[in-house]
Amino acid sequence: LFGDKILTQDALAEIEKREKEIVEKDTDEAFADVDTIMLCFAAGNPALPGRKFTENVLNPLYKKSEMLGNPNKTAVVFVSCDQDQAAFDEYYGQMSFFALPYC
C-alpha cells in the first residue's frame, strides 16, 4: 500500500537542538510494531485548515506518544497535497511523523 520506502525524521533532533534529517526507511521496518496507521492528507498552504490541524493537534499528539514509547502502537503518515517539492519539504520539515515521498 505504501511502497517499499517511507520518509521519516530523526525524532531526537528537536530535543538535541539540531537540524532534522529526512531519511528513507524500509516500510516494513518502520511499521514493524504498529497496529494502526493514520493518514493525514494536507497541504502546507497557511490558508488551508490542514496546516492548523497538523501544527496544533497532530504534531503535539505524536510527539507525546513518542515520548511515552508509543503505547497505542499508532503511526501517522503525511500524504502531501502540496503543489511542488519545495512546499512539501518546508511543510514536512515541521512534522515529527512519517510521510510518503512527494510525487
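Everything numeric in this text was worked out from a predicted model, so none of it was measured.

**Q** Sorry, what's going on with the packing of aromatic side chains here?
**A** We describe a pair of aromatic rings using the distance from one ring centre to the other and the angle between the two ring planes. The full count for this structure, using the stated rule, is seven aromatic pairs. Plain terms: the ring middles of phenylalanine 78 and phenylalanine 88 are 5.8 Å apart, the flat faces sit at 15 degrees to each other, and that makes the pair stacked. Residue phenylalanine 78 is located in strand β4 (residues 74-80), and its partner phenylalanine 88 is located in helix α4 (residues 85-92); the two are separated by ten residues in the primary sequence. Connected via pairs of aromatic rings, a cluster forms that spans Phe78, Phe88, Tyr91, Tyr92 and Tyr102.

**Q** Explain the pattern of salt bridges here, please?
**A** Two side chains with opposite charge may pair up if their charged atoms get near one another. Within the structure shown, the criterion is met by one salt bridge. In this structure, the salt-bridge partner of lysine 5 is aspartate 26, at a minimum N-O distance of 2.6 Å. With lysine 5 in strand β1 (residues 5-9) and aspartate 26 in strand β2 (residues 22-26), the pair connects residues that are 21 residues apart, well separated along the chain.

**Q** Whenever I open this one, the nonpolar core confuses me. Can you help?
**A** Nonpolar side chains in soluble globular proteins tend to be buried together. In terms of nonpolar packing, the biggest core is built from 21 residues, with Phe31, Phe78, Tyr92, Phe97 and Phe98 touching the most fellow members. Elements with a contribution of two residues or more to this core: β1, β3 (36-42), α3 (49-67), β4, α4 and β5 (98-99). The element contributing the most residues to this core is β4, with four residues. What phenylalanine 97 contacts, discounting residues up to four positions off in sequence, is Leu7, Thr54, Leu58, Asn59, Tyr62, Val76, Phe78 and Tyr92.

**Q** I tried to follow the confidence of the model for the chain on my own but got confused; where do I start?
**A** Residues shown with low pLDDT carry predicted positions that ought not to be read at fine detail. Mean pLDDT over the chain works out to 79, with 81% of the residues at or above the 70 mark. By mean pLDDT, the top-scoring element of the chain is helix α2 (residues 27-30) (91), and the lowest-scoring one is helix α1 (residues 12-15) (60).

**Q** Whenever I open this one, a nonpolar patch on the surface confuses me. Can you help?
**A** On the surface, a nonpolar cluster with roughly 280 Å² of combined accessible area is contributed by Ile37, Leu39 and Phe41. Here leucine 39 is to be found in strand β3.

**Q** Mind showing me how you'd approach the side chain of threonine 74 here?
**A** Its place among the elements puts threonine 74 in strand β4. If near-sequence neighbours (up to four positions away) are discounted, threonine 74 is found in contact with Val34, Thr36, Met38 and Tyr62.

**Q** Any chance you could explain the side chain of threonine 27 here in plain terms?
**A** Along the polypeptide, threonine 27 turns up in helix α2. You can call threonine 27 buried: its relative accessible area is 7%. There is a polar contact of 3.3 Å between the side chain of threonine 27 and the backbone nitrogen of lysine 5. Apart from residues no more than four positions distant in its own chain, threonine 27 is found in contact with Phe2, Gly3, Asp4, Lys5 and Ile6.

About the thresholds
Residues numbered from 1 in each chain as written. Predicted model: local features only at pLDDT ≥ 70, side-chain atom pairs only at ≥ 80, totals over all residues. Heavy atoms only, no water. Phe/Tyr/Trp six-rings, centres within 6.5 Å; stacked < 30°, edge-to-face > 60°. Helix = DSSP H or I, 4+ residues; strand = E, 2+ residues; numbered from the N terminus. Salt bridge = Lys/Arg side-chain N within 4 Å of Asp/Glu carboxyl O. Core = buried A, V, L, I, M, F, W, Y, C linked by side-chain atoms within 4.5 Å. Buried < 20%, exposed > 50% of the residue type's maximum accessible area, 1.4 Å probe, protein only. Contact = heavy atoms within 4.5 Å. pLDDT = per-residue confidence, 0-100. Patch = residues over 30% accessible without salt bridge, like charges linked within 9 Å, V, L, I, M, F, W, Y side chains within 5 Å. Areas by Shrake-Rupley, 256 points an atom, 1.4 Å probe, with all protein chains shown as cover. Polar contact = N/O pair within 3.5 Å; in protein donor to acceptor, adjacent residues only side chain to side chain.

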